Amino acid sequence: MTTEYSKSLSLLHALCLAESRHDEDVLPSSNLEDYPPVEAATYLSCYITFRAIKEAGRLPADERYDNFDMLSVYQAYAMMVYAYLVLPLGSENIVSDLEQDAIVIAKSLFAELTHEELADIVESGMRKFQLIGNADAEHWTNYREDLDKSVIAFVIAGTDDAAPFEKEEVLPVLGAFLSMLCEAFA
C-alpha cells in the first residue's frame, strides 16, 4: 500500500512532535487531519534545521552577536529544506505560500529576536535561497540535488518501517550539508 506523500509529511510531523515533547507536555493528536501537509513541511524544515545545527556543532546564540549574517544562512538552509518538502505536494494539488512560510520559519528558528532582526534574516535568507536556487555552477547543482535526496530520505526513514535506515542516521548528513552552506557564506 502506497501512502500519499502529504500523509507521510503529516505523520512525520506528528511523530517528531511526539518525540520532542517533554513528560509534562500534552500528547500530540494522533489524528493526521490535525497536521496539514504544508504546516507539517514548515514544522519539519525547522526541526531538520535545528537538528542539523546541532549536528554541525553550530551555536546560533553566539553567532547572533559574533556573526549575525550566519543566521540568514540557517534561514536559507531551512527554506531549501522547506522547498524540497513541499515540492512533491504539487502532484497532489497542494500549494504553499513560500513568502508567508519563510516568516513562520524565521519566527520558529529565532523566536528571541526582534522584529527588525527577523526581517533582516528573512530578507537576507531569501536572497541566499534564490542565489543558490539560480546558481548554474556544477557544485551548487550537486548540492541542491544531494540535499533534496537527503531530505526525502529523512521523510522515508521517518515514515516507512521498511526503510533500510533510521531518520537519526540521516541527520549527520543533513548537518554536513548545513556545514557546507555555512562555509560557502563564511
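As a reminder, the structure under discussion sits directly above these lines.
Bear in mind that the values here come from a model prediction, so they are computed numbers and not experimental data.

A. Local environment of the nonpolar core. Leu9, Tyr77, Leu85, Leu147 and Leu174 are the most contacted members of the largest nonpolar core, which totals 57 residues. If you list the elements that add at least two residues to this core, you get α1 (5-20), α2 (37-55), α4 (69-86), α5 (98-109), α6 (115-134), α7 (138-159) and α8 (167-185). Looking at this core, the element that brings in the most residues is α4, giving 15 residues. When sequence neighbours within four positions are dropped, the list of residues in contact with leucine 147 reads Tyr77, Met80, Tyr84, Leu174 and Phe177.

B. Highlighting the state of the cysteines. Per the stated rule, a full pass over the model turns up 0 disulfides. Here cysteine 16 is not cross-linked by a disulfide; its sulfur's nearest cysteine counterpart is in cysteine 46, at 12 Å. On the basis of relative accessible area, cysteine 46 is assigned to the buried category, the value being 5%.

C. Highlighting the packing of α4 against α5. Direction vectors running N to C along α4 and α5 enclose 130°, while the axes themselves pass 10 Å from each other. Between α4 and α5, the angle falls in the class oblique. As for how α4 packs across α5, the hand of that crossing is right-handed. Where α4 approaches α5, its residues Tyr74, Gln75, Ala78, Met79 and Tyr82 are matched on the opposing element by Leu98, Asp101, Ala102, Ile105, Ala106 and Leu109. Its residues assigned to classes, the contact of α4 with α5 shows 9 nonpolar, 1 polar and 1 charged.

D. Spotlight on the pattern of salt bridges. Overall, the coordinates contain 8 salt bridges when judged by the stated rule. We note a salt bridge from arginine 58 to glutamate 63, for which the minimum N-O separation is 2.6 Å. The network of salt bridges with shared partners includes Glu19, Arg51, Lys167 and Glu168.

E. Main features of the side chain of threonine 42. Tracing the backbone through its elements, the reader meets threonine 42 in helix α2. For threonine 42, the contacting residues outside a window of four places in its chain are Tyr82, Asp101, Val104 and Ile105.

Reading the values: the criteria
- Within any chain, residue numbers begin from 1 and follow the written order of that chain's sequence.
- This being a predicted model, a pLDDT of at least 70 is required before a residue's local features are given, and a value of 80 or more before pairs of side-chain atoms are given or counted; all residues contribute to the totals for chains, interfaces and linings.
- Calculated side-chain values reflect all of the structure's heavy atoms, with hydrogen atoms and water omitted.
- Here, the term nonpolar core denotes a set of buried Ala, Val, Leu, Ile, Met, Phe, Trp, Tyr and Cys residues that are joined through side-chain atoms within 4.5 Å.
- Only protein chains enter the area calculation, which uses a 1.4 Å probe; residues under 20% of their type maximum are buried, those over 50% are exposed, and those in between are partly exposed.
- Secondary structure elements follow DSSP: runs of H or I no shorter than four residues count as helices, runs of E no shorter than two count as strands, and numbering proceeds from the N terminus.
- Contacts were defined at the residue level, with two residues in contact if any of their heavy atoms lie within 4.5 Å.
- In what follows, a disulfide is any cysteine sulfur pair within 2.5 Å.
- For helices, the fitted axis covers only the stretch in contact; all axes are lines through C-alpha atoms, and the angles between them, taken along N-to-C directions, range from 0 to 180 degrees.
- Geometric relationships in this document are graded by angle, where less than 35 degrees denotes roughly parallel, more than 145 denotes roughly antiparallel, 65 to 115 denotes roughly perpendicular, and other angles denote oblique.
- Left-handed describes a crossing whose near helix is turned anticlockwise from the far helix through less than a right angle; right-handed describes the clockwise counterpart.
- Amino acid classes used here: Ala, Val, Leu, Ile, Met, Phe, Trp, Tyr, Cys and Pro are nonpolar; Asp, Glu, Lys and Arg are charged; the rest, including Gly, are polar.
- By convention in these notes, a salt bridge is any Lys or Arg side-chain nitrogen within 4 Å of a carboxyl oxygen on Asp or Glu.

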